[in-house]
Amino acid sequence: MDRNYIAQQAAKMETKHDLLSLLNRIKISWFEDMGMTVKFHPFTMKQLNYYSNPNHTFHRYSQFKIKKKTGGFRQITAPRSKTFKLMLMCLNEMFKSIYSPSDFAMGFTEGRSVVSNASIHKGQNYIFNIDLKDFFPSIYRVRVRARLQAKPFCFNENIAMLLAGLCSMKISSGHNDGRDYVLPQGSPTSPIITNMICDNLDRRLAGLAKRFGLRYSRYADDITFSSMHNVYQTNGEFRTELRRIIEGQGFTINEAKTRLQKQGSRQEVTGLIVSDKLNVTQHYVRDIRNILFIWEHYGYNAAFTRFFPRYKAEKGHVKKGVPDLINVLDGKLMYLKMVKGAEDSVYIRLFSKYRTLADKAHSIDNTTEHGVTYVETIPLHDFEVNNSTEVIIDWVVPTSDDENGQPKPKRRTASFTLDGKRVYASVNKNVKKEDEQKKELLAISNCRDAKNKQFWLIHYVNKVTVPPAEPVNIEELSNELDALLNS
């Protein structure tokens, strides 16, 4: 749906019925654009009334923690139901149609990124970085409501209160002054709302930067100043005024994350190295290179099992299911290209190696007439030894009946553990029940279906003609890894 049209319709809203109508127009437009053939179910007034009440926290949100790169955990609060999440996504589209973040906001903004943010500060003698403590929970419902009544929204009080209720959640803060209702980190609307709330903060900090001859940018709660001269003394005029502005806007500086980076030391802005040109960290490049090396010399499964524990530790609370190593590497290389450029020799070398391996994995010679590609096949016993795991084949009784009310038949499944995480595999229908425990007869293949989705398959050793992976010498592999990590 055209964003100008959405903005025009939003400007006409007077009642919650108008809001409901607009959200449904946005929703049906998405369904049409994606060519979805499922039956369209519009949002109802009952749903809008329920989800706009932030007291219904338990039924609206689920909470979990993810690891921070700097240590510790970050609590994420995400919509519990698909309907509520979709309603917030439609609302977010409405916000984006009306509002454009300030020129200094680099996060949660279309066309801007960590690269845009870091570029502002490259080649400077001093980089001063601060972090805002408890950023999302510092934004209360009353602030959201007030912001939605101001330009460019200009919503009436009832609409503003309804929207603020949709976008906030209740916590037990012990306060009775409106601080019980905060912005949840993990909601689709929270990122753009933080930029709305920070418009005044950006304007004042940009003014402060201009006064002292500095560069300024903000990526969410990560604030960066840079300059050729040093004005960042602990009790100096700049830092005194900086604290006054931030606290005046209802935020608190996280002192533990305040740092001054000088030329000659490694200067980082939002995870990127800033000097004469932008660069990723050496660790980022080594990570890609090491996985490609293992894949090339020891096979896809060896690379996957070395990669899997780290991925689950970093992304396991966010990404569900088994990661696809090929897609993850593709994404990491796209990021490397975005930072270093398509002509960079490091990117070209790594991408060339990746492309060769990925093309081999998708080889038509390893693909069946049904579009299933056998990337790599390993005898089941060897797979268990190499990964210190046990593959268990079992029969599962479905917990629900079929569409005719009849009990569904048992289905066979296999599972194994990698680094404490349970991974599931399919079992070929030709494998006889009496052979399920005869692992010397079975093999496991890492496969991709016709839609390029990864899955594991248990089958007889002679089921496929794909050459098995070369045996992995664990001691040799460990030595190779030690050499790579120290290079």
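Residues numbered from 1 in each chain as written. Predicted model: local features only at pLDDT ≥ 70, side-chain atom pairs only at ≥ 80, totals over all residues. Heavy atoms only, no water.

Chemist: Would you explain helix α5 (residues 82-98) in this entry?
Modeler: Side chains that are three or four residues apart share a direction in an α-helix, a result of its 3.6 residues per turn. Look at α5: 25 Å from first C-alpha to last across 17 residues, which is about the 24 Å you get at 1.5 Å a residue. The buried fraction of α5 amounts to twelve of the 17 residues, a majority that puts the element mostly inside the structure. Burial in α5 covers these residues: Phe84, Leu86, Met87, Leu88, Cys90, Leu91, Asn92, Glu93, Met94, Phe95, Ser97 and Ile98. (Helix = DSSP H or I, 4+ residues; strand = E, 2+ residues; numbered from the N terminus. Expected span 1.5 Å × (residues − 1). Buried < 20%, exposed > 50% of the residue type's maximum accessible area, 1.4 Å probe, protein only.)

Chemist: Whenever I open this one, the sheet that holds strand β17 (residues 454-460) confuses me. Can you help?
Modeler: Backbone hydrogen bonds are what pair the strands of a sheet, in a parallel or an antiparallel way. The six strands lie next to each other as β12-β16-β17-β15-β14-β13, forming an open sheet whose pairing is mixed. A strand with exactly one partner marks an edge of an open sheet, and here the two such strands are β12 (373-379) and β13 (392-396). Recorded for the sheet is a direction-independent mean angle of 35 degrees between the axes of neighbouring strands. Lying over the sheet, helix α16 (residues 380-387) contacts β12, β14 (411-418), β16 (442-448) and β17, oriented at roughly 80 degrees with respect to β12. (Pairing = 2+ DSSP bridges. Axes fitted to C-alpha atoms, helices over the stretch in contact; angles between N-to-C directions. Contact = heavy atoms within 4.5 Å.)

Chemist: What is the right way to read the packing of aromatic side chains from this model?
Modeler: In this description, a pair of aromatic rings is defined by centroid distance and the angle of the planes. Under the criterion given, the structure shown has 25 aromatic pairs. Plain terms: the ring middles of Tyr216 and Phe225 are 5.2 Å apart, the flat faces sit at 35 degrees to each other, and that makes the pair tilted. For the pair shown, Tyr216 and Phe225 are each scored as buried. Aromatic side chains Tyr347 and Phe351 sit 5.6 Å apart centroid to centroid with 20 degrees between the ring planes, which places their arrangement in the stacked category. With Tyr347 and Phe351 both in helix α15 (residues 345-361), this residue pair falls four residues apart, about one helical turn. For Tyr347, a relative accessible area of 9% translates into the label buried. Look at Phe351 and you get partly exposed, because its relative accessible area is 27%. Aromatic rings pair up to connect Phe104, Phe128, Phe212, Tyr216, Phe225, Tyr232 and Phe238 into one cluster. Its guanidinium or amino end placed over the ring of Phe40, Lys27 lies 5.4 Å from that ring's centre, counting from NZ or CZ. We note Arg143 situated over the ring of Phe251; from NZ or CZ to the ring centre the distance is 5.2 Å. (Phe/Tyr/Trp six-rings, centres within 6.5 Å; stacked < 30°, edge-to-face > 60°. Lys NZ or Arg CZ within 6 Å of the ring centre and 35° of its normal.)

Chemist: What should I look at first to understand the packing of helix α12 (residues 282-298) against α15 in this one?
Modeler: Two quantities define a packed helix pair, namely the angle between the axes and the distance from one axis to the other. Remark: α12 packs on α15, axes separated minimally by 11 Å, with the N-to-C direction vectors making an angle of 35 degrees. Crossing hand, α12 versus α15: left-handed. Taking contact as the criterion, the partners of Val285, Ile288, Arg289, Leu292, Trp295 and Glu296 in α12 are, on α15, Val346, Leu350, Lys353, Tyr354, Leu357, Ala358 and Ala361. (Left-handed = near helix turned anticlockwise from the far one by under 90°.)

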